[in-house]
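# Secondary and tertiary structure notes
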Amino acid sequence: MSEVKAGFAALLLRHRWWTLAILVLLTAFFASQWRHLYTEHEDRALMPGDRTQAVLDDFRQTFGNDDFIYILVDTEGVLDTAVLERLKALASSLRERIPYLKRLTWLGNAEQVLSIPDGIEIRPLMTEIPGDTSQMLALRERIDRDPQLTDNLISEDERTAAFLLELYDYPEDTARHEEDPRGDVAVAVQQTLESYPDLTTYAVGGPIINHAYNRIAAQESASLGLITLGLMMVLLAATTRSLSGVLIPFAVILVSLIWTFGII
């Protein structure tokens, strides 16, 4: 075995310039493939072939997308004409800007299910925003009588309003992995809320959490990778105390990383 290794080393030394040229070309090729790298944190990608995932896929095909976004707006008081007008404007912007939006529910379009002698009656909570005190008091009474609204679309202390966004199915296949329907929804929500700086808003839901996770993972992976390489160079310098002892192992590690991610 030692003779084979010695022969291989002699062959590399004899053709060192060709070997170096091939090494540089291969490294450049694998480095060029990094543009195809992407991160995937969906449960479908993390558990391929999983039986539970297959059941979940069947559920989504039958009942549609189960993604939703819940937006909270913190105010001095929701039941105020000016505040409700501002919330109405936000609702209109969300309808216009959010892709894959199936249904948006808030106080302005909420429905009440009422018991009547002949059965039940479904009617809107409000047909227009109240313009005077008596109309606002009547609206407050209707809300108080409906437990489905309190702490759902309006908080009990009437300081927080909520928007519930339900979404259509996302496209199953996209042209590029960089295309992320859930990410598009999250970005659109963020940009829409930022266009209302006078409102204190909070957004939660699957698309929001997934987008934040992807962003944080990408940032931390890059920073931790650089920190790791820096520590590696410090340790090599401390142990070898020579420039070649730092550069040669570091070059081997760097080339190995480039090849590995290029192959991926």
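Throughout what follows, the structure given in this document is the object of discussion. Here the structure is a predicted model, which means the values were calculated and not measured.

Spanning 13 residues, helix H4 (residues 51–63) covers 18 Å between terminal C-alpha atoms, matching the ideal 18 Å at 1.5 Å per step. After H4 finishes, the residue Gly64 shows a positive phi value of roughly 90°.

A separate point is the packing of aromatic side chains. Inspection of every chain in the model, using the stated rule, returns five aromatic pairs. Among the aromatic residues, ring-to-ring pairing joins Phe29, Phe30 and Trp259 into one connected group.

Grouped together as the largest cluster of nonpolar side chains are 39 residues, with contacts concentrated most on Ile71, Leu87, Leu107, Phe163, Leu165 and Val189. Among the elements of the structure, strand E1 (68–74), helix H5 (81–97), strand E2 (101–105), helix H6 (133–144), strand E5 (160–167) and helix H7 (181–194) are those that each provide at least two residues to this core. Considering every element that reaches this core, the biggest residue donor is H5, with six residues.

Moving on, we come to a negative patch on the surface. Together, Asp74, Asp151, Glu156 and Asp157 give the surface a local cluster of negative charge. Structurally, Asp74 can be placed in strand E1. We classify Asp74 as partly exposed; its relative accessible area is 35%.

What follows covers the environment of Asp66. Counting through the fold element by element, Asp66 comes out in the loop between H4 and E1. On the accessibility criterion, Asp66 (35% relative accessible area) is partly exposed. Linking Asp66 and Asp169, residues 103 residues apart in sequence, is a C-alpha distance of 8.5 Å. Leave out the neighbours within four places in its chain, and Asp66 touches Leu56 and Arg60.

Where strand E3 (residues 111–116) lies against strand E4 (residues 119–124), six bridges are found, and the strand directions are antiparallel. Paired with Ser115 across the strands is Ile120, a residue of E4. Here E3 folds back onto E4 in antiparallel fashion, the turn holding two residues.

Turning to a nonpolar patch on the surface, a few remarks are in order. On the surface, Trp34, Leu37, Leu257, Phe261 and Ile264 cluster together to form a nonpolar patch covering roughly 450 Å² of accessible area. Take Ile264: it is sitting in the segment after helix H9 (243–263). Ile264 gets classed as exposed once you look at its relative accessible area, which sits at 68%.

A few words now on the pairing of E5. Direction of pairing for E1 relative to E5: antiparallel, over a ladder of seven bridges. Along E5, the bridge assignment pairs Tyr70 with Leu164.

An order of E2-E5-E1-E6 is seen for the four strands of this open sheet, with the pairing classed as antiparallel. Edge positions in the sheet fall to E2 and strand E6 (200–205), since each of these pairs with one other strand and no more. Direction aside, the axes of adjacent strands within the sheet are offset by 20° on average. Where H7 meets the sheet, it contacts E1, E5 and E6, and its direction lies at approximately 15° from that of E1. Across the sheet, helix H8 (residues 206–240) lies against E1, E5 and E6, angled at about 90° from E6, the strand it touches most.

Rules used in this analysis
Residues numbered from 1 in each chain as written. Predicted model: local features only at pLDDT ≥ 70, side-chain atom pairs only at ≥ 80, totals over all residues. Heavy atoms only, no water. Helix = DSSP H or I, 4+ residues; strand = E, 2+ residues; numbered from the N terminus. Expected span 1.5 Å × (residues − 1). Phe/Tyr/Trp six-rings, centres within 6.5 Å; stacked < 30°, edge-to-face > 60°. Core = buried A, V, L, I, M, F, W, Y, C linked by side-chain atoms within 4.5 Å. Buried < 20%, exposed > 50% of the residue type's maximum accessible area, 1.4 Å probe, protein only. Patch = residues over 30% accessible without salt bridge, like charges linked within 9 Å, V, L, I, M, F, W, Y side chains within 5 Å. Areas by Shrake-Rupley, 256 points an atom, 1.4 Å probe, with all protein chains shown as cover. Salt bridge = Lys/Arg side-chain N within 4 Å of Asp/Glu carboxyl O. Lys, Arg positive; Asp, Glu negative; His and termini not counted. Charge placed at Lys NZ, Arg CZ, Asp CG, Glu CD. Contact = heavy atoms within 4.5 Å. Pairing = 2+ DSSP bridges. Axes fitted to C-alpha atoms, helices over the stretch in contact; angles between N-to-C directions.

Bear in mind that shape data such as this cannot, by itself, settle questions of function.
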